[in-house]
Amino acid sequence: MRLYKWIFVLVLFIPAGVLVGQLFQGELGANPSEKINLVLGDWTYYFLASNLIWGALLAVGWMPNRLRRFTLLRRHLGVVTFVYAFLHMTFYVLKEGDVPLALTQMVEKLYLILGLISLLILFALALTSNNYSVRKLGSRWKSLHRLAYVVLPLATVHYFLIEKKDWRVTIPWLIVWMALSGVRVFKLVKKR
Ligand code: HEM
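Every residue gets a number counted from 1 within its own chain, in the order that chain's sequence is written. Two thresholds apply to this predicted model, a pLDDT of at least 70 for residue-level local features and 80 or more for giving and counting side-chain atom pairs, whereas whole-chain, interface and lining totals are computed over all residues.

The helix and strand labels rest on DSSP assignments: H or I over at least four residues marks a helix, E over at least two residues marks a strand, and numbering proceeds from the N terminus. The span expected for a helix works out to 1.5 Å for each residue beyond the first. Compared with an ideal rise of 1.5 Å per residue, which puts 24 residues at 34 Å, helix α5 (residues 73-96) spans 35 Å between its outermost C-alpha atoms and is within 8% of the ideal. Buried within α5 are the following residues: Val80, Thr81, Phe82, Tyr84, Ala85, His88, Met89, Phe91 and Tyr92. Think of it this way: build a C-beta for each residue from its backbone, and any pair within 7 Å is a contact. For α5, the secondary structure elements touched by its buried residues are α1 (3-12), α3 (32-60), α6 (99-106) and α7 (110-127). Remark: glycine 97 follows α5 within two positions and exhibits a positive phi of approximately 70°. Counting other C-beta atoms within 10 Å of its own, a residue is labelled buried from 20 upward, exposed at 12 or fewer, and partly exposed in the gap between, with every C-beta atom placed from the backbone.

The next subject is the site of the ligand. Near, as applied to residues and a molecule or strand, means the residue's backbone-placed C-beta atom lies within 6 Å of it. Taken together, 25 residues are adjacent to the ligand, and Gly41, Met89, Gly115, Ser118 and Ala155 come closest. Listed by contribution, the elements that provide at least two residues to the shell around the ligand are α3, α5, α7 and α10 (148-161). The dominant element in the shell around the ligand, judged by the number of residues it contributes, is α3, at seven residues.

We define a nonpolar core as a collection of buried residues of the types Ala, Val, Leu, Ile, Met, Phe, Trp, Tyr and Cys that are connected via C-beta atoms lying within 7 Å of each other. Core analysis: the biggest nonpolar cluster contains 27 residues, and Leu48 and Leu152 have the highest contact counts within it. Counting only elements with at least two residues in this core, the list comes to α3, α5, α7, α10 and α11 (171-191). Looking at which element gives the most residues to this core, the answer is α3, with nine residues. Beyond its immediate sequence surroundings of up to four residues, leucine 48 is in contact with Thr81, Val151, Leu152 and Ala155.

On to the packing of α5 against α6. Every axis corresponds to a line fitted to the C-alpha atoms, with the helix fit spanning only the stretch in contact, and the corresponding angles, defined between N-to-C directions, vary from 0 to 180 degrees. Viewed as axis vectors pointing N to C, α5 and α6 meet at an angle of 125°, and their least axial separation amounts to 8 Å. With respect to their mutual orientation, α5 and α6 come out oblique. The chirality of how α5 crosses α6 is right-handed. Counting all contacts with α5, which are made through Tyr92, Val93 and Glu96, the residues of α6 involved are Val99, Leu101 and Ala102. For this classification, under 35 degrees means roughly parallel, over 145 means roughly antiparallel, 65 to 115 means roughly perpendicular, and everything else is oblique. Crossing handedness is read from the near helix: turned anticlockwise from the far helix by less than a right angle, it gives a left-handed crossing, and turned clockwise, a right-handed one.

Let us look at the environment of isoleucine 53. Topologically, isoleucine 53 is positioned in helix α3. Exposure remark for isoleucine 53: the 18 C-beta atoms within 10 Å place this residue in the partly exposed category. When the C-alpha positions of isoleucine 53 and alanine 179 are compared, they lie 9.7 Å apart, and in sequence the two are 126 residues distant. Here isoleucine 53 is in contact with Val176, Trp177 and Leu180, once residues within four sequence places are set aside.

Right under this line is the structure:
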């Protein structure tokens, strides 16, 4: 992997590193697992949304040529997003402190079911984010990776089903992505 890819991945792990630092400094309050679960949930959402917005900018032709050569970094961003989502879920289980109870809730509570579906989709996408899978799956690779479009709305509902949430975490990202997707569809229809 080229140096800039390593740097990119390292930068993406800064929020996780900050959390580790805060944990060792005892700055995460009485229930560190709960705090870590929440912060990782936010970052999972930001990474997911950034990747989709990046893709939409490419699709509508609004990505400057100089930046187009970094397109492959989207795959790294996708894999890191999955890692954050997985850790987010892990800290939910730790926060509950009872694995059977946490697992039961995951198939009973709607917001957790939606989170789990999102995580499973991200897992499938992360597993196939390599050159071998791109070659092997051919045109099916694109169809599979279009599943990412489903994850952002699912994750948004997951977020809003948790009461008293701050809309600023999700809505601005969602609006930008939906507006760009609208332009994309408009351009496609016009072309035909
Ligand atoms: C793509 C997948 C996911 C995304 C983008 C996501 C995103 C989020 C976000 C943004 C929050 C709010 C954090 C805050 O209040 O600052 C959250 C909360 C939470 N998520 Fe997820 N999540 C995902 C998957 C999951 C999974 C798989 C689980 C567990 C099965 C889960 C369990 C939780 C829990 C327990 C909370 C905290 C609820 C509370 O405040 O009581 N999430 N998630």
